[in-house]
Amino acid sequence: KQEVTQIPAALSVPEGENLVLNCSFTDSAIYNLQWFRQDPGKGLTSLLLIQSSQREQTSGRLNASLDKSSGRSTLYIAASQPGDSATYLCAVGFWAGGTSYGKLTFGQGTILTVHP
Amino acid sequence: GAVVSQHPSWVICKSGTSVKIECRSLDFQATTMFWYRQFPKQSLMLMATSNEGSKATYEQGVEKDKFLINHASLTLSTLTVTSAHPEDSSFYICSARKELAGEVDTQYFGPGTRLTVL
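The paragraphs below set out a description of the structure included in this document.

1. Notes on the interface of chain B and chain A
- If you look at the interface, chain B gives 17 residues, while chain A gives 19 residues.
- Carbon and sulfur atoms supply 53% of the area that chain B and chain A bury against each other, a total of about 1500 Å² over both sides.
- On the chain B side of the contact with chain A, B:Ser43, B:Val104 and B:Phe109 bury the most area, a combined 31% of that side's loss.
- Across the contact surface, chain B and chain A share one salt bridge.
- At the boundary of chain B with chain A, the tally comes to three residue pairs in polar contact (both at pLDDT 80 or more).
- Elements that contribute at least two residues to the side of chain B that touches chain A include exactly strand E4 (32-38), strand E9 (90-98) and strand E10 (106-109) of chain B.
- Classifying every residue of the side of chain B that touches chain A gives eight nonpolar, four polar and five charged.

2. A few points about the sheet that holds strand E1 (residues 4-7) of chain A
Residues and elements named next belong to chain A.
- In space, the five strands of this open sheet follow the order E1-E3-E8-E7-E6, with antiparallel pairing throughout. Of all the strands in the sheet, just E1 and strand E6 (56-59) have a single pairing partner and so form its edges. Within the sheet, the average angular offset between the axes of one strand and its neighbour, ignoring direction, is 15°.
- Bridge count between strand E3 (residues 19-25) and strand E8 (residues 72-77): six bridges; the pairing is antiparallel. Following the sheet pairing, asparagine 22 is matched in E8 by threonine 74.

3. Description of a nonpolar patch on the surface
- Together, B:Trp10, B:Ile12 and B:Leu118 give the surface a local cluster of nonpolar side chains, amounting to about 390 Å² of exposed area.
- Looking at the element boundaries, B:Leu118 is found in the segment after strand E11 (113-117).

4. Concerning the environment of B:Leu46
- Of note, B:Leu46 is situated in strand E5 (residues 45-51).
- By relative accessible area, which is 13% here, B:Leu46 ends up buried.
- Along the primary structure B:Leu46 and B:Val104 are separated by 58 residues, whereas in three dimensions their C-alpha atoms are 20 Å apart.
- Not counting residues up to four positions away in its chain, the partners in contact with B:Leu46 are A:Lys103, B:Phe34, B:Trp35, B:Tyr36 and B:Glu59.

5. Here's the deal with the state of the cysteines
- Here the structure, examined in full by the defined rule, presents two disulfides over all chains.
- A:Cys23 shares a disulfide with A:Cys90; S-S distance 2.0 Å. With the S-S dihedral at roughly -60°, the linkage between A:Cys23 and A:Cys90 falls on the left-handed side. Placement of the pair is A:Cys23 in strand E3 and A:Cys90 in strand E9 (residues 86-97), with a sequence separation of 67 residues. With respect to class, A:Cys23 is no different from A:Cys90; both count as buried.
- The disulfide partner of B:Cys23 is B:Cys94, and the gap between their sulfur atoms is 2.0 Å. Measuring handedness by torsion sign, the sulfur bridge of B:Cys23 and B:Cys94 sits at about 80° and is right-handed. Highlighted residues: B:Cys23 in strand E3 (residues 19-25) and B:Cys94 in strand E9, separated in sequence by 71 residues.
- In this model B:Cys13 remains outside any disulfide bridge; the closest cysteine sulfur is found in B:Cys94, 18 Å from its own.
- In this structure B:Cys13 comes out as buried when scored by relative accessible area, which is 9%.

6. A short note on the sheet that holds strand E1 (residues 4-7) of chain B
Residue and element names in this part refer to chain B.
- Taken together, the four strands give an open sheet; going across it, the order is E1-E3-E8-E7, and neighbouring strands pair in antiparallel fashion. The sheet is open, and its two edges are formed by E1 and strand E7 (67-73), each paired on a single side. Geometrically, the sheet is characterised by an average inter-axis angle of 15° between neighbouring strands, direction not taken into account.
- Pairing of E3 with strand E8 (residues 76-81), which is carried by six bridges, proceeds in the antiparallel orientation. By the bridge assignment for E8, cysteine 23 is matched with serine 77.

7. A look at the nonpolar core
- Ranked by size, the top nonpolar core spans 24 residues in total, and within it B:Trp35, B:Phe67, B:Leu79, B:Tyr92 and B:Leu115 carry the most contacts.
- Of all the secondary-structure elements, those providing two or more residues to this core are strand E2 (10-13), E3, E4, E5, E7, E8, E9 and E11 of chain B.
- Formed by 23 residues, the second largest nonpolar core is a distinct cluster that contains A:Ile50, A:Leu66, A:Ala86 and A:Phe94.

8. Some points on the packing of aromatic side chains
- As enumerated under the stated definition, the model contains eight aromatic pairs over all chains in all.
- Measuring from ring centre to ring centre gives 5.6 Å for A:Phe106 and B:Tyr36, while their planes differ by 80°; the resulting arrangement is edge-to-face. With A:Phe106 in strand E10 (residues 100-106) and B:Tyr36 in strand E4, the pair connects residues from two separate chains. Each of the two residues, A:Phe106 as well as B:Tyr36, counts as buried.
- Plain terms: the ring middles of A:Phe106 and B:Phe109 are 5.8 Å apart, the flat faces sit at 85° to each other, and that makes the pair edge-to-face. With A:Phe106 in strand E10 and B:Phe109 in strand E10, the pair connects residues from two separate chains.

What counts, and where the lines are drawn
Sequence order sets the numbering: in each chain, residues are counted from 1 along the sequence as written. Numbering of ligands from 1 and lettering of chains from A proceed in the order in which they are written. Given that the model is predicted, a residue must reach a pLDDT of at least 70 before its local features are reported, and side-chain atom pairs must reach 80 or more before they are shown or counted; all residues, however, enter totals for whole chains, interfaces and linings. Only hydrogens and water are set aside; all other atoms, that is, all heavy atoms of the structure, feed into the side-chain values. Residues count as neighbours in contact if any of their non-hydrogen atoms are within 4.5 Å of one another. Summed over both partners, the accessible area lost on bringing two parts together, with a 1.4 Å probe, is the buried area. For this document, the term salt bridge refers to a Lys or Arg side-chain nitrogen within 4 Å of an Asp or Glu carboxyl oxygen. Distance and chemistry together define a polar contact, namely a pair of N or O atoms within 3.5 Å, with one atom able to donate a hydrogen and the other to accept it when in protein, and with adjacent residues in sequence counting only for side-chain atoms on both sides. Runs of E in the DSSP output that reach at least two residues are strands. Runs of H or I that reach at least four are helices, and both are numbered from the N terminus. Gly falls in the polar group here, along with every residue not listed as nonpolar (Ala, Val, Leu, Ile, Met, Phe, Trp, Tyr, Cys, Pro) or charged (Asp, Glu, Lys, Arg). By this definition, two strands are paired if DSSP reports at least two bridges between them. Interaxial angles span 0 to 180 degrees and are taken between N-to-C directions of axes, which are lines fitted to C-alpha atoms, for helices over the stretch in contact. The patches reported here contain residues having more than 30% relative accessible area and no salt bridge. Joining distances are 9 Å for like charges and 5 Å for nonpolar side chains (Val, Leu, Ile, Met, Phe, Trp, Tyr). Here, Shrake-Rupley sampling with a 1.4 Å probe gives the accessible areas, and only protein chains in the shown set may cover a residue. Three labels apply to residues, based on accessible area from a 1.4 Å probe with only protein chains included: buried if under 20% of the type maximum, exposed if over 50%, partly exposed otherwise in between. Any pair of cysteine sulfurs within 2.5 Å is marked as a disulfide. The set of buried Ala, Val, Leu, Ile, Met, Phe, Trp, Tyr and Cys residues whose side-chain atoms join them within 4.5 Å is what this entry labels a nonpolar core. Under the pairing criterion, centres of Phe, Tyr and Trp rings, with the six-membered ring standing for Trp, must be within 6.5 Å; the plane angle then separates stacked pairs below 30 degrees from edge-to-face pairs above 60, leaving the rest tilted.

This is the structure we're talking about:
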């Protein structure tokens, strides 16, 4: 069964800290992995998309890495700010078989709180 | 760009009524769209895959007669919640798959529709 797990479930840090969110998946046959941000009551904001052939992607203070062989991805947030407080979701696109695109499977999310 | 819209953004209805939610890809064509449901403090769960010109594929445990999906064009998919009940209250999010020449297809997400059934 293709599963995605995110650790920790919740994280509270003081402003300015660097932090790491973890995502693990059970099947290495993936075509991409995405990190999203979701504010309470809102939709998803795509942060970073990593194709299976890539090892990492960077956008501003965010850096996401991908290690297919170990089934892991990390989202690194540098110099955290109160505005970074949100739920962060990891979604993995698993191959359905051959070159057939399978569905995205979401992790349960990490609730991040950055306090001033 | 790749923009996906949903309408309405929120809806309140009485128990027993039917509600239609639209998902549109504004600047690209999408042969495949997806419908997700998210309950409070939970992650997104895929309900069904909507295929243009053919029947939708439903995930296990999702009632196809309750959640009617129509993908009549390459830019529009609709989800109709029939005879809605309070337990159907949820946040419904759609996504559209954009096919990229020479690259891996990517899903783009709509802003979601909050359904409250009284």
